[in-house]
Protein chains: 2
Amino acid sequence: MSKTYFYPPADLHQYIVDYFVHWKVPAEDATLAADVLLSADMRGVDSHGLIRLSSYYGSRLRKELIDPLSPMQVINETATTLAVDAGNGLGHPVSVRTMQCCIEKARKYGVALATVRNSNHFGIAGYYAMLALPEDMIGICFTNTSPLVAPTHARKAVLGTNPIAVAVPAASSRPFVLDMATSIVPIGRINVYQKEGKEIPSGWGVDAQGQVTKNPAAVRAGGALMPLGGPELLRGYKGYGLSLMVDIFSGVLSGAAFGENVGNAAQDKRSNVGHFFGAIRIDAFRAPQEFKADMDLLLSQLRQAPKAAGEDRVYIHGEKEFEAADRAAAEGVPLSEATVKTLLDGGKIDGTPFDLEPIKVIEE
Amino acid sequence: MSKTYFYPPADLHQYIVDYFVHWKVPAEDATLAADVLLSADMRGVDSHGLIRLSSYYGSRLRKELIDPLSPMQVINETATTLAVDAGNGLGHPVSVRTMQCCIEKARKYGVALATVRNSNHFGIAGYYAMLALPEDMIGICFTNTSPLVAPTHARKAVLGTNPIAVAVPAASSRPFVLDMATSIVPIGRINVYQKEGKEIPSGWGVDAQGQVTKNPAAVRAGGALMPLGGPELLRGYKGYGLSLMVDIFSGVLSGAAFGENVGNAAQDKRSNVGHFFGAIRIDAFRAPQEFKADMDLLLSQLRQAPKAAGEDRVYIHGEKEFEAADRAAAEGVPLSEATVKTLLDGGKIDGTPFDLEPIKVIEE
C-alpha cells in the first residue's frame, strides 16, 4: 500500500521557484529550473523531478557545491556553434539558454550545435530537445553523468548512464521524443528491487567480478550497470559504444569531466558535468509540411503493425509521457509518498516548508 | 573445414572497378564504390564487402534496377546543409561525394549535415563517417534499410537494421569508430545459424507470433529481428527508438522511402534507400590537440578498467577493424570460400571472370 498525492501544477511550480530563490538562485533561473523539474513529474519521469529538489540540488546548494548565481560564460562561438562554461551553476537554466541559442542560430544557418562544460545535473534531457519542436526543428540533447556503467569485458563502472534525447515534430501525430539512458536501467531501478527484496532480471547489472548477477545488492556493492544490450552475446558493446559516444560529445568536446571523473551527488567536489545540444531546421532539407505528413505515415505504420501475442498496442517514443502530462494537467501532478516525504523533510531543513494542499490522495 | 583465400588489396580493387565499369558505371564512380567495398573486407566486415558484388549490386544492375550512371542531383542547398537525390544510382559514389561536401561546408561553417534520397545499399556506414577523421572533424552517418526489425509489441518487421556510425579522432590512440546496426544482429547471422543447424541465442529474433524464439527458421519465416536490447524487460524499446530515429533522419528527412516501404534486394522495384551524413569541426568547440589528448585519456580509462573474470581486454569501437585492416594490408585480404564462390559464379554470369591468384589459402 502506498499513497500518491496530486497537486496543482502551478502550485508545485511556485514552490520550486521559491525554493531555489531561497538558495539565492536568481528568479529567472529558478523559473527555468522549475519548468524542467515540474515537466519531469508531469511526464511521469518522477526519478528526475521533485524527488531531487532537496536531495540533490538543495544538498549541493547548501554545501556551496553549486554556485546559485550560475555565472555562465560563452567560451567559443561561431555562426553555427557555441561552447559554454556553466560556472558550476544549476544545469537547467544554462541548458535552456544554450538550447534556445542553438535554435536561434539554426533559424539563420539551418543547423547549430552547442556544448556546455562545468555544469551539474540538468534533469530530463528530453526537455531541451523538445524546445525545438514548435520551431519545426529537430532537437538533440546528450549529457554525461557520473560513472555507473561497466564497458563490455570490464567489471568497473567507467561510463555514465549518458542519455540520448531526440525530438522530431509530426503533423497530426504527437512528436517522436526519444529520451533514453544508454544503460538498460538507471541505478534507481536497482535500488527499488533491493528495497523490495526482489531479484533483478538477468542482464541489468554485474557484480564486483563483472559477472551478470540477479542480486541488486551485488550491483550496488562494487558492481555496475550493464549498457543497453547487456552481455556480449546480445551485443551490449553497442550500448557501451553509445554511452561512450555521448561522453565524447558531452564531456570531451565541451572540455568538461568525462569517464570516471564526472562527479556524483555524494562527492564533496564540483561535478563538472558536460552537455551537448543540437537544432536542425527541417526546411533546409524539405518542406516541413511534407516532412510532418511523412512522419505521421511512418508512425502510423508502427502503430498499425500486427501485434505480438498478448500485446495490443505499439507505442511511439514519448507517447506515454505526453499522455501522462495531459492527465497531470487535468487531475494534478502525481507525487509518490517518498517524494512528498523528501519535500517535507527538505523543507524543514532548509526553512522552506512544503505546505501545499493536495487536490486528492490515492491509496493503492 | 573451410578455406580462406588471401588476395592483394590492389588486385581486388581493380577487379571491382572493372566489374562496375563492365556494367557501364563511370570509372570514377566505380573507383569510389571499390574503395568502400574493399574497405569492408579489409576491416573484417565481410558481410558488407565483395560477397555483395554480384549477388546484390550485379544482380540489380543486370535487371536495370540500379542506374549505373548515378545521375545525382542537388535538391536543396544552404551554407550548412545539402539534400541530394541519388537518381537510383549506386549508393557508394553519391555517399562519398555527399560526405565530402559536408566536410567542405563544415570547414567553412563549423558543422554541416546532408541527406540523400533515391539511393541504394551503400556498404559500411563507418566508411563515410571516417572520411571526417583526417580533417580533425567528427563524422556521422546513418542509413535506412529494408524492414527486418519488429518494433516492441509487434510481430511484423517494419523497421530496418538502420545503422549508426560515428567516427571521432584521437591523438596517439586509434580513432573511435562506432558502426553498429540498431538490431541485435543482422539477418545474415540468423542465416548462418540456420545453415549450421544451431539454435540462436534467446533475444535475437521473434517468430511469426512475435514471441522470442531460438529457432532461426522461425525468424526467417514470417518472424523478425529484435532491436538492440531485445525484449521489453531488457529495454528493447530503446533499440527500437534508435532504429526509428535513424529512419527519420535517413528516410523521412531526405524524402526517401521509410519504414516498410524501403525496398530490398529481392524486389523488382527501386529501393529508394535514404542516407544521412554529418561533419563537425572540433576546433569550433575547443583546440583539436586538447580534444584529442582528452580522447586518449578517456579511451585509456576504458582500456585500463579492471577486467571481468575471464576477460583480458576492453575494446574500443573500431579497434578490431583497424587491426584487421593492418593484417589485410600485410598478408592480403581474406575472402571466405563462400565469397570466392559468388565472385566465380557472378563473374561467369556477367562475363567478368574472377581469375585473381590468391597470395595464400588457409584451411581450418
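So, here's what we can say about the structure. (Residues numbered from 1 in each chain as written. Chains lettered and ligands numbered in written order. Predicted model: local features only at pLDDT ≥ 70, side-chain atom pairs only at ≥ 80, totals over all residues.)

### Observations concerning the sheet that holds strand β12 (residues 333-336) of chain A
Residue and element names in this part refer to chain A.
Then step 1. One open sheet holds the three strands; their spatial order is β12-β1-β13, and the pairing between them is antiparallel. Each edge of the sheet is formed by a strand with only one pairing partner; in this case those strands are β12 and β13 (360-363). On average, each strand axis in the sheet is inclined to that of its neighbour by 30°, with strand direction left out of account.
Then step 2. Pairing between strand β1 (residues 3-7) and β13: four bridges, direction antiparallel. Bridge pairing links Tyr5 to Val361 in β13.
Then step 3. Relative to the sheet, helix α11 (residues 337-350) contacts β1 and β12, its axis offset from that of β12 by approximately 80°. (Pairing = 2+ DSSP bridges. Helix = DSSP H or I, 4+ residues; strand = E, 2+ residues; numbered from the N terminus. Axes fitted to C-alpha atoms, helices over the stretch in contact; angles between N-to-C directions. Contact = placed C-beta atoms within 7 Å.)

### Quick word on the interface of chain A and chain B
Then step 1. With 70 residues of chain A at the contact, the number on the chain B side is 70 residues.
Then step 2. For the side of chain A that touches chain B, the elements supplying multiple residues, two or more each, are β3 (81-85), β4 (111-119), β6 (164-168), β7 (176-180), α8 (236-252) and α9 (288-303) of chain A.
Then step 3. In the side of chain A that touches chain B, the residues fall into 39 nonpolar, 20 polar and 11 charged. (Nonpolar A, V, L, I, M, F, W, Y, C, P; charged D, E, K, R; others polar.)

### So, the pairing of β7(A)
Residue and element names in this part refer to chain A.
Then step 1. Extensive coverage of β7 is indicated by the burial of five of its five residues.
Then step 2. Note that β6 and β7 share five bridges and pair antiparallel. Bridge pairing links Val168 to Phe176 in β7. (Buried ≥ 20, exposed ≤ 12 C-beta atoms within 10 Å, placed from the backbone.)

### Considerations on unusual backbone geometry
One can expect most non-glycine residues to show negative phi and most peptide bonds to be in trans.
All names here are of chain A.
Then step 1. Residues other than glycine seldom take positive phi values, yet His153 does so here, at roughly 85°.
Then step 2. Along the chain, His153 turns up in the loop between β5 (137-143) and β6.
Then step 3. At Arg235, a position not held by glycine, the phi torsion is positive, near 70°.
Then step 4. Note that Arg235 resides in the loop between β10 (224-225) and α8.
Then step 5. In this structure Arg235 comes out as buried when scored by C-beta crowding, with 26 C-beta atoms within 10 Å.

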